[in-house]
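Chain by chain, the residues run as shown.
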Amino acid sequence: CPDCGSQGESTSGSLQAGKRPCGCSKHNATEGYINIIYDLDMEVAIKFGVTGKANTKDRVKRQNSNSIYSVVNHSIYAFPSKEDCLSAEKACKRTLTCGILDRNTFKDGFTETTFTYNLDKIIKIYTDCGGIDVTN
């Protein structure tokens, strides 16, 4: 990669689609985010998920444009590796009640929505998996 200097293998189709097989790829999920979902002024759910480095703000914009709710970023966690990041998301999905919003009202990642009282549990899972809070 001319940007990060790492080497990797990829298919020509992936390269043509802009997917890099290295650490700087936007498809290389190394950040976990926690977003609060509001209905007017009331918190109704939490949206957790993973994304490539520095894509969290774009995710919030996309979630706001595809939803009847208002989405606000709560925090961003950087993980040492893609594997750690994905493990954190899987642990959240495995241990928390998820999918509390339906697809019609929250299209982008409704399966990673959970109750607001799970905020501390998500933070613990993220930090236990190596995540470091890098929220600005």
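Residues numbered from 1 in each chain as written. Predicted model: local features only at pLDDT ≥ 70, side-chain atom pairs only at ≥ 80, totals over all residues. Heavy atoms only, no water.

A. Representation of the overall build of the protein in the model. Check the secondary structure of the protein and you find four helices and five strands. When the helices and strands of the protein are placed in sequence order, the string is α-β-β-α-β-α-β-α-β. Across the 136 residues of the protein, 40% fall into the buried class. Contacts spanning at least 24 positions in sequence make up 62% of the contacts within the protein whose residues lie at least 6 apart. Total accessible area computed for the protein in this model is approximately 7900 Å², and 49% of it derives from carbon and sulfur atoms. (Helix = DSSP H or I, 4+ residues; strand = E, 2+ residues; numbered from the N terminus. Buried < 20%, exposed > 50% of the residue type's maximum accessible area, 1.4 Å probe, protein only. Contact = heavy atoms within 4.5 Å. Areas by Shrake-Rupley, 256 points an atom, 1.4 Å probe, with all protein chains shown as cover.)

B. Molecular detail of the state of the cysteines. For the structure on display, the rule yields zero disulfides. A disulfide-free cysteine, Cys129 has its sulfur positioned 7.7 Å from the sulfur of Cys92, the nearest such atom. (Disulfide = S-S within 2.5 Å.)

C. Structural detail: the pattern of salt bridges. Scanning all chains against the criterion turns up four salt bridges. Between Glu112 and Lys47 there is a salt bridge, with its nearest N and O atoms 3.4 Å apart. With a gap of 65 residues between them, Glu112 in the loop between helix H3 (82-95) and strand S4 (113-114) and Lys47 in strand S2 (residues 42-52) connect regions that are remote in the sequence. When its relative accessible area of 1% is taken as the criterion, Lys47 is described as buried. We note a salt bridge from Glu112 to Lys93, for which the minimum N-O separation is 3.0 Å. Of this pair, Glu112 sits in the loop between H3 and S4 while Lys93 sits in helix H3; the two residues are 19 residues apart in sequence, bridging distant segments of the chain. Owing to a relative accessible area of 38%, Lys93 belongs among the partly exposed residues under this scheme. Taken together, the shared-partner salt bridges connect Lys47, Lys93 and Glu112 into one network. (Salt bridge = Lys/Arg side-chain N within 4 Å of Asp/Glu carboxyl O.)

D. The environment of Thr51, seen in detail. Along the chain, Thr51 falls in strand S2. C-alpha separation for the pair Thr51 and Cys85, spaced 34 residues apart in sequence, amounts to 8.9 Å. Setting aside residues no more than four positions away along its own chain, Thr51 makes contact with Asn28, Ala29, Thr30, Glu31, Tyr33, Thr56 and Arg59.

E. View of the nonpolar core. Ile34, Ile46, Phe79, Cys92, Ile122 and Tyr126 are the most contacted members of the largest nonpolar core, which has 17 residues in total. Residue assignment for this core shows that the elements contributing at least two residues are strand S1 (29-39), S2, H3 and helix H4 (119-128). Not counting the four nearest positions on each side in its chain, Phe79 is found in contact with Thr30, Glu31, Gly32, Asp84, Cys85, Ala88, Tyr126, Cys129, Gly130 and Gly131. One finds Ile37, Ala45, Tyr69 and Phe110 within the second-largest nonpolar core, a separate group that totals eight residues. (Core = buried A, V, L, I, M, F, W, Y, C linked by side-chain atoms within 4.5 Å.)

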